[in-house]
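This is what each chain is made of:
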Protein chains: 2
Amino acid sequence: MTILALTGGVGGAKLSLGLTHVLDPSEVIFVVNVGDDFEHFGLSISPDIDTLTYTLAGIVNESTGWGREDEAWDCLEELKRFEADTWFQLGDRDLALHLFRTGSIKRGRSLTEITEIICSRLGIKYRIVPVTDASLRTRVLTDQGSLAFQDYFVRLQCNPKVSKLEYHQRTPASLSPAIKTDQISGIVICPSNPFLSIDPILEVDEMRAILVEREFPVVAVSPIVGDRSIKGPTAKMMSELGMQVTCTGVARHYHEILDGYMIDNTDAHHTAEIEALGIRVRMAPSIMHTLDDKIQLASNCVDFLDELT
Amino acid sequence: MTILALTGGVGGAKLSLGLTHVLDPSEVIFVVNVGDDFEHFGLSISPDIDTLTYTLAGIVNESTGWGREDEAWDCLEELKRFEADTWFQLGDRDLALHLFRTGSIKRGRSLTEITEIICSRLGIKYRIVPVTDASLRTRVLTDQGSLAFQDYFVRLQCNPKVSKLEYHQRTPASLSPAIKTDQISGIVICPSNPFLSIDPILEVDEMRAILVEREFPVVAVSPIVGDRSIKGPTAKMMSELGMQVTCTGVARHYHEILDGYMIDNTDAHHTAEIEALGIRVRMAPSIMHTLDDKIQLASNCVDFLDELT
């Protein structure tokens, strides 16, 4: 039996790293968002998969939380001679992953297979799995029009005001074959952006069905601490979407699928209103600066799942 | 009126550099082979255009004759972790050109337009023009089967024995719109590989028609000096194709389209048999080590064209 950790982005990668210190490779599958995957200069880029891959391989840039450590930028510097569109940070070493992925897709390999090969070559013993091998793309409807995810997130640095999120599927996206739906013992929703990282995962019909029909517990970690997002535009987006910018706001967003919810100690005063939604609350330090912070939060999640089982 | 210089590969780029010291930008168009263009890891790569571009921009790797000077290899080193197919030398800076080209093609720009932009950004005042914007791909039929050009040339290092060349056109390739057929005053066929660099150019119907119906002279420079190729597999291929491996062998190959033929002084003894084909011969040092060698040979070509006009 395995726990699924639903993740995307830097916050999710941090908790995922913690989980690898608490669970064996057979006990957890990291199910990763693909809504922000895109094509750039003909390359197939999967930013959330790469962030997690670099994190678990121990080669992530610690100061940004994404990209490679010891990165070089000769290609991007040169590209600026020719091209204005150099807003996406393509490092020389990082490019190798995009080239390998793109070449492999052209040869007919699935994203699941490609990700498995990359993990294996980088010495990662844990399973990193894209939620689907199909095309599933987040579009952000804003006061500047309908934007592709990377246009919104990187090029325009989340400045446009968001009115709605859409998740476009070319054909109905089926779950990655690496996820065995009858072997799930629990789900952890990482403290990732609900709209940009988690909702696209839940858009896959089979994933949604698993959550509705489940006999195992689901626990989320709040990405909002003290009424702010720890990183990224979660709080800004919640405000623009007319939601209460608190951990409770996120709990309401997830309430149909949650059994338990982990909030930071500073948010203790929200406990009663969350429990009124029928969700059990556990408090624990949720800001992950050090590896110990990550391991401790991961350990709390796993304990909480055990309690709820 | 302009001279067309038909070119591909390192030998052609050397003479082309010489021609830029003899002719003004308005007086010459470099018409480049695209038969060895290919897709690699999803990138659109045009090796002959790039070799000439780097040469005329003064940033070519002088020791190899292709690729960038001051190149870095972080991406390729990293790619080797994932991929066995790292036979094509993708330098970090060189990659920028491939990314820009690939992205531009995806946006609907033609190879002619893209090449013009690249030249302009690299400060090249001369016109480098792909012979066609359409797909035209050289295939090499060998004792190891039918091979894509790069498989033969780079991956297998020209080792298979060649029996035939084929030039595949997805649709009949039309001449690049940058080549004005009524403004040509002469053609120089550079000392490039006849089968791999020049014949694919002549496969474009309009180019072949120009050569048949012309009222201007055509001069070629022999790529064979002293019964050897100066660089690359020309001599080996000629031998495998049952041709005489001499400058005369190449003259026979081109004889229908040549008015003049430049051979090296060491090949003086071939003069009579070449002139028997109805081709005028001029002797000049044809091995281009220094910039002066290139300029001198270019100057001889232009004088020879003048003489034949």
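In this report, we go over the structure that sits alongside the text. One numbering rule holds for all chains: residues counted from 1, following each sequence as written. Lettering for chains starts from A, numbering for ligands starts from 1, and both go in the order in which the items are written. Selection of residues for local features in this predicted model requires a pLDDT of at least 70, selection of side-chain atom pairs for listing and counting requires 80 or more, and totals for whole chains, interfaces and linings are taken over all residues. Computation of side-chain values: all heavy atoms of the structure, hydrogens and water removed.

1. Things to note about the overall build of chain A
On a plain count of helices and strands, chain A comes out with 12 helices and 14 strands. Overall, chain A is about 55 × 45 × 40 Å in size when its C-alpha atoms are taken along their principal axes. Summary of the burial criterion: residues with accessible area below 20% of their type's maximum are buried, those above 50% are exposed, and those between are partly exposed, where the area comes from a 1.4 Å probe applied to protein chains only. Buried positions account for 59% of the 309 residues belonging to chain A. Two residues form a contact once any of their heavy atoms are found within 4.5 Å. The long-range fraction of contacts in chain A, counting pairs at least 24 apart against all pairs at least 6 apart in sequence, stands at 68%. Surface accessibility in these figures is a Shrake-Rupley result with a 1.4 Å probe; residues are shielded only by whichever protein chains are displayed. By element, 47% of the accessible surface of chain A is carried by carbon and sulfur atoms, the whole surface being about 12,300 Å². In chain A, 28 positive and 44 negative side-chain charges are present, and the distance between their average locations comes to 4 Å. The way it works is that DSSP assigns letters per residue, a run of H or I at least four long becomes a helix, a run of E at least two long becomes a strand, and they are numbered from the N terminus. Under this rule, positive means Lys or Arg and negative means Asp or Glu; His and the chain ends count for nothing. Throughout, a charge is located at the NZ atom of Lys, the CZ atom of Arg, the CG atom of Asp or the CD atom of Glu.

2. Considerations on the sheet that holds strand β6 (residues 136-142) of chain B
All names here are of chain B. If you walk across this open sheet you meet the three strands as β7-β6-β8, and the pairing is antiparallel. The open sheet terminates on both sides in strands that have one partner only, identified here as β7 (145-148) and β8 (162-169). Taking each pair of neighbouring strands and ignoring which way they run, the sheet shows an average axis angle of 25°. Geometry is summarised by axes, namely lines fitted to C-alpha atoms with helices restricted to the contacting stretch, and by angles between N-to-C directions that run from 0 to 180 degrees. Each of β6 and β8 is contacted by helix α7 (residues 194-202), which is oriented at about 30° to β8, the strand it contacts most. When DSSP locates at least two bridges between a pair of strands, those strands are taken to pair.

3. With respect to helix α5 (residues 111-121) of chain A
Residue and element names in this part refer to chain A. Along α5, the residues classified as buried are Leu-111, Thr-112, Ile-114, Thr-115, Ile-118 and Cys-119. Buried residues along α5 cover an arc of 165° about the axis, so they all sit on one side. Turning to α5, the residues buried within the fold contact α2 (47-56), α4 (92-106) and β5 (127-130). Positioned one or two residues after α5, Gly-123 has a phi angle of 75°, which is positive. The directions from the helix axis to the C-beta atoms are what the arc is built from.

4. Quick notes on α2(A)
All names here are of chain A. Counting buried residues along α2, 10 of its 10 residues qualify, which places the element largely inside the surrounding structure. Every buried residue of α2 is accounted for by Pro-47, Asp-48, Ile-49, Asp-50, Thr-51, Leu-52, Thr-53, Tyr-54, Thr-55 and Leu-56. One or two positions beyond α2, positive phi appears at Gly-58, with a value near 75°.

5. Brief notes about the pattern of salt bridges
Salt bridge criterion: a side-chain nitrogen from Lys or Arg within 4 Å of a carboxyl oxygen from Asp or Glu. Here the structure, examined in full by the defined rule, presents 26 salt bridges over all chains. One salt bridge connects Glu78(B) with Arg81(B), and the closest N-O pair in it is separated by 3.2 Å. We classify Glu78(B) as buried; its relative accessible area is 5%. For Arg81(B), a relative accessible area of 37% puts it in the partly exposed group. The salt bridge involving Glu307(B) is made with Arg280(B); its shortest N-O contact spans 3.4 Å. On the criterion of sequence distance, the pair formed by Glu307(B) in helix α12 (residues 291-308) and Arg280(B) in strand β14 (residues 280-283) is long-range, its members being 27 residues apart. On the basis of relative accessibility, which here comes to 42%, the residue Glu307(B) falls in the partly exposed class. Through salt bridges that share partners, Arg68(A), Arg93(A), Asp74(B), Glu78(B) and Arg81(B) make up one connected network.

6. A look at the pairing of strand β7 (residues 145-148) of chain A
Residues and elements named next belong to chain A. Of the strand pairs in this sheet, strand β6 (residues 136-142) and β7 are connected by four bridges, and their pairing is antiparallel. Residue pairing in the sheet places Arg-139 in a bridge with Ala-148 of β7. Linking β6 back to β7 in an antiparallel pair, the connection comprises two residues.

7. Some words on the interface of chain B and chain A
Opposite the 29 residues of chain B that make contact, chain A presents 29 residues. Each partner contributes to the roughly 2,800 Å² buried at the junction of chain B and chain A, and carbon and sulfur atoms together form 61% of this total. Among the salt bridges present, the one from Arg68(A) reaches Glu78(B), with a minimum N-O distance of 2.6 Å. The term polar contact refers here to a pair of N or O atoms within 3.5 Å; inside protein, the definition further demands a hydrogen-donor-capable atom paired with an acceptor-capable atom, and it admits residues adjacent in sequence only when both atoms are side-chain atoms. Inspection of the chain B/chain A interface yields eight residue pairs in polar contact (both at pLDDT 80 or more). Elements with a contribution of two residues or more to the side of chain B that touches chain A: α3 (74-79), α4 (92-106) and α5 (111-121) of chain B. Considering every element that reaches the side of chain B that touches chain A, the biggest residue donor is α4(B), with 10 residues. Residues are grouped as follows: nonpolar covers Ala, Val, Leu, Ile, Met, Phe, Trp, Tyr, Cys and Pro; charged covers Asp, Glu, Lys and Arg; every other residue, Gly included, is treated as polar. Split by residue class, the side of chain B that touches chain A holds 14 nonpolar, three polar and 12 charged. Note on terms: buried area is the combined drop in 1.4 Å-probe accessible area of two parts once they are placed together, counting the loss on both.

8. Regarding the packing of helix α2 (residues 47-56) of chain B against α4(B)
Residues and elements named next belong to chain B. Following both chains from N to C, one finds α2 and α4 inclined at 125°, their axes separated by 12 Å at the closest point. By the angle between their axes, α2 is oblique relative to α4. At the point where α2 passes α4, the crossing takes the right-handed sense. Together, Ile-49, Asp-50 and Tyr-54 of α2 and Asp-94, Leu-97, His-98 and Arg-101 of α4 make up the contact between the two elements. Among the residues forming the contact of α2 with α4, the class breakdown is three nonpolar, one polar and three charged. Throughout, the term roughly parallel applies to angles under 35 degrees, roughly antiparallel to angles over 145, roughly perpendicular to angles from 65 to 115, and oblique to all others. By definition, turning the near helix anticlockwise from the far helix through less than a right angle yields a left-handed crossing, and turning it clockwise yields a right-handed one.

9. A few points about the packing of aromatic side chains
Only Phe, Tyr and Trp rings take part, Trp by its six-membered ring, and two of them pair if their centres are within 6.5 Å. Stacked means planes under 30 degrees apart, edge-to-face means over 60, and tilted covers everything else. Here the structure, examined in full by the defined rule, presents 12 aromatic pairs over all chains. For the ring pair Phe38(A) and Trp87(A), a centre distance of 6.3 Å and an interplane angle of 25° mean the geometry is stacked. Here Trp87(A) lies in the loop between α3 (74-79) and α4 and Phe38(A) lies in strand β3 (residues 38-40), a separation of 49 residues in the sequence. Accessibility classification places Phe38(A) together with Trp87(A) in one group, the buried group. Taking the centre distance of 4.9 Å and the plane angle of 70° together, the rings of Phe38(B) and Phe88(B) count as edge-to-face. Here Phe38(B) is found in strand β3 (residues 38-40), whereas its partner Phe88(B) is found in the loop between α3 and α4, with 50 residues between them in sequence. An identical accessibility class is assigned to Phe38(B) and Phe88(B); each is buried. Grouping aromatic residues by their ring pairs yields a cluster made of Phe38(A), Trp87(A) and Phe88(A).

10. Focus: unusual backbone geometry
All names here are of chain B. In this structure, Asp-70 takes a positive phi of about 45° despite not being glycine. In this fold, Asp-70 is placed in the loop between α2 and α3. In this structure, Cys-158 is a non-glycine residue whose phi angle is positive, near 65°. Relative to the helices and strands, Cys-158 is located in the loop between α6 (149-155) and β8. Accessibility expressed as a relative area gives 9% for Cys-158, which makes it buried.

11. Considering the packing of helix α7 (residues 194-202) of chain A against helix α10 (residues 247-254) of chain A
Residues and elements named next belong to chain A. Where α7 contacts α10, the axes come no closer than 12 Å and their chain directions differ by 20°. With respect to their mutual orientation, α7 and α10 come out roughly parallel. Considering the relative orientation of α7 and α10, their crossing is right-handed. Each of Pro-194, Phe-195, Ile-198 and Asp-199 in α7 lies in contact with α10, whose residues at this interface are Val-250, His-253 and Tyr-254. When the residues that make up the contact of α7 with α10 are grouped by side-chain class, the tally is five nonpolar, one polar and one charged.

Remember that the coordinates give geometry; whether it matters functionally is a separate question.
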